[in-house]
Structures are given as structure tokens and as C-alpha cells.
Amino acid sequence: MSRPVVALVVTGQVEHKALHRGLQRAFPDADFVQQTLSAPLDGFTTARLDDDEPVLEWTSKRGAVIESSLAKLVDQLILAVYPGRHQRPADFAVLVDDVELCNADRVERVVEHVRRAVPRRLTTQAERGNWSSATASKVERAARTQCSFHLMSPMVEALFFAEPEALDRAGRALPSRFDAARQDCERFTVDDPDYVSAPVVAGATDWRKRPPADRALHPKAYLQYLATPVGEERTRYQETRGGVAALSTLGWEQVVAVPDYARFARAMLADIADMTGARPGWLEGGALAPETDAARGATVLRNV
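Quick caveat: nothing in here was measured; it's all calculated off a predicted structure.

K.L.:
What exactly am I supposed to notice about the pattern of salt bridges here?
P.N.:
Side chains that carry opposite charge are capable of pairing whenever their charged atoms lie near each other. With the rule as written, the count across this model stands at 24 salt bridges. Glu-112 serves as the salt-bridge partner of Arg-116, at 2.8 Å between the closest nitrogen and oxygen. Of this pair, Arg-116 and Glu-112 both sit in helix H3 (residues 107–127), four residues apart, which is roughly one turn of the helix. Given a relative accessible area of 27%, Arg-116 falls into the partly exposed group. Glu-112 sits in the partly exposed class, given a relative accessible area of 21%. Between Arg-302 and Asp-274 there is a salt bridge, and its shortest N-O distance comes to 3.0 Å. Taken together, the positions of Arg-302 in the segment after helix H11 (263–276) and Asp-274 in helix H11 put the pair 28 residues apart, joining distant regions of the chain. Note on Arg-302: relative accessible area 15%, which makes it buried.

K.L.:
Sorry, what's going on with the side chain of Thr-11 here?
P.N.:
Within the fold, Thr-11 resides in the loop between strand S1 (5–10) and helix H1 (13–26). Looking at Thr-11, the relative accessible area reads 15%, which means it is buried. Only 2.8 Å separates the side chain of Thr-11 from the side chain of Asp-97, close enough to count as a polar contact. With near-sequence residues (within four places) excluded, Thr-11 lies in contact with Pro-40, Leu-41, Asp-42, Gly-43, Leu-73, Val-96, Asp-97 and Asp-98.

K.L.:
Which parts of the structure should I look at to understand the pairing of strand S2 (residues 31–34)?
P.N.:
Here is the key point about a regular strand: its side chains alternate between the two faces of the sheet. Residues Phe-32 and Gln-34 point to one face of S2 and are all buried, whereas Asp-31 and Val-33, pointing to the other face, are not buried. In the sheet, S1 pairs with S2 via four bridges, with the strands oriented parallel. Counted as the bridge partner of Val-6 is Phe-32 from S2. Running through H1, the crossover from S1 to the neighbouring parallel element S2 is right-handed.

K.L.:
Just to check I follow, could you spell out H1 for this structure?
P.N.:
Since the α-helix packs 3.6 residues into each turn, any two residues three or four apart lie on the same face. Between its first and last C-alpha, H1 extends 20 Å over 14 residues, near the 20 Å set by a 1.5 Å rise per residue. Of all bends in H1, the biggest is about 45 degrees, found at Leu-19. Along H1, the residues classified as buried are Val-14, Glu-15, His-16, Ala-18, Leu-19, His-20, Gly-22, Leu-23 and Ala-26.

K.L.:
How should I be thinking about the sheet that holds S1 in this particular structure?
P.N.:
Within a sheet, neighbouring strands are paired by backbone hydrogen bonds and run either parallel or antiparallel to one another. Across the sheet, which stays open at both edges, the four strands sit in the order S2-S1-S5-S6 with parallel pairing between neighbours. With partners counted over all chains shown, the strands left at the sheet margins are S2 and strand S6 (147–152), one partner each. Each strand of the sheet is rotated relative to its neighbour by a mean of 25 degrees, with strand direction disregarded. Sheet strands in contact with helix H4 (residues 133–146) are strand S5 (92–98) and S6, and its direction is about 45 degrees off that of S6.

Rules used throughout
- Residues numbered from 1 in each chain as written.
- Predicted model: local features only at pLDDT ≥ 70, side-chain atom pairs only at ≥ 80, totals over all residues.
- Heavy atoms only, no water.
- Salt bridge = Lys/Arg side-chain N within 4 Å of Asp/Glu carboxyl O.
- Helix = DSSP H or I, 4+ residues; strand = E, 2+ residues; numbered from the N terminus.
- Buried < 20%, exposed > 50% of the residue type's maximum accessible area, 1.4 Å probe, protein only.
- Polar contact = N/O pair within 3.5 Å; in protein donor to acceptor, adjacent residues only side chain to side chain.
- Contact = heavy atoms within 4.5 Å.
- Pairing = 2+ DSSP bridges.
- Right-handed = clockwise from strand over helix to strand, strands pointing away.
- Expected span 1.5 Å × (residues − 1).
- Bend = angle between axes of the 7 residues up to and from the residue.
- Axes fitted to C-alpha atoms, helices over the stretch in contact; angles between N-to-C directions.

So, in C-alpha cells, the structure goes:
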């Protein structure tokens, strides 16, 4: 029996360079590949989603049709499992984006945007004559049975705090005040007065030049702080180095060690385990995020 191939559609540099490697270690009997080889795609959650309906296309002043970030993400997700007759399809595909702090209070809306975007993109392709009605039905079935959408909450760096050694690989130089045994990394908050009161530095090239509005809730900014040794002007945390080192060897079993924590990560891992037929003991039990749980009765994707 051939090994299942899982294609990943991701939106960040860290995820693009390392998520497939990190998942490969967790599920060694499957093959994980990046759907877009050259670079990650833009995320659609970087701004607050205030509208109920997702924006998928608009027309420029010159009359050109511009596709939104969400439209491109959905298209790549579908292409991964239905690329056309001359390319080999993946057995499964997973779209992964960050929740981001600006959408932390509206995760269901984030998921709903994807739920509404998928059928609209399928209809658009059919209306443009790219698919026959028979093909459109096949693609719709492939999306519903082979594709998923999952979230990093609020962003990928939060997961590193659930495995302290990951912080070291990322470049940590200062002691962390985040307690992974008592705090859910996906609901990140840290009580570190030195970090919260650190002064703005006009000439800095990192978070100190323009700190987040609420530093205590921002795992990436806190990691940058931890990776800035006393007396040095620049953080040692670089996404394409430290972030990749942390994620590519992430201890997923530590991330989901507390049954009630890391529900979005566990939902993704449980979905992938079902895709690949894996049954890791460290994944048994524990709560799944209801917004992305593949067992919740999805309509357009495996879990949405």
C-alpha cells in the first residue's frame, strides 16, 4: 500500500519552511509536501474580519479582476487534490492559517469565511468554463472528503511555548515567564513586567520599534523579547532560522500534553491522523476545537 501524501497550503514563512517537516516527524508513515513550492501565500486573517461575507474578487480601475488572498488559498487547496489530468493529486490537503489577535474573538467567522468561499470558488471555476458539470461534481466531492482547514491560535509561535526546548531552538536568551503546565499556549498571555514595560526603541528593527497594542497577549513579540540578550539591540529570533528550527522538530506530544489545552492544534493533528490512518498514543483523548473538529458534521470540507 502506498504512503498517503498530504499537501499543505500555508501562509507564513515559518510554516512554509518547517510545518511539513514537523508533521513528518509526528506521522512518519505519510508524506507531507508544500503545495506552493516557492513561497507561502498571503493570509486572509491579518486584518479583522468584520464582514459576514468573504471578499473573493474585485475589479480594479483598469477592469482587471483581482483575486483576494482567501480566493487564492482556497484555489490552491482544491488544486492540491484535483490538479488536472497531467499532474499527480495529493491524497489529502490541509489549509493552515493563523487566527491572529485581531480575530481571536471571532474564530467562527474565520471558519465561516472559508465555508462560504469554497462553494463560491467552485462555482466561479465552473462558470468560467474551466470544468464541466461532471467535473465540478467530482471536485466538490474531493474537497468535501480530502481537504481541511485548520488554524494556528493565535499564531504559530504560541505552540513553541508549550515545548520549552522549542524556545531554546528559536533563540531564547532570557527566562520565560510562561508556564506551559498552567497556561494554554493557544490562549496566550504572560505576566512578565520587564517585558510589558520594556521601552520603545526608535531605531530597533524588531517589535520594540512598534510594540503590539497588548504585548501580554502576543507570543511572537514575547519570543522576540526573550531572544534579545541584555545589552543587545537586536533580537536573535529570526523566523526563517529560529522559527524553522523550533517548528521542524516541534514536540507535538508536549503541545497536546494537557487534555484541555491546544485544542486547535489537536484538532489538526487528529484530522491528519484520520487521513493517514495513524493512531499515536500521545494523541488519544483531549478536547478538540469545535470550530475545526472534523467530526462536527462538515458540509464543504472534511471539517468545515
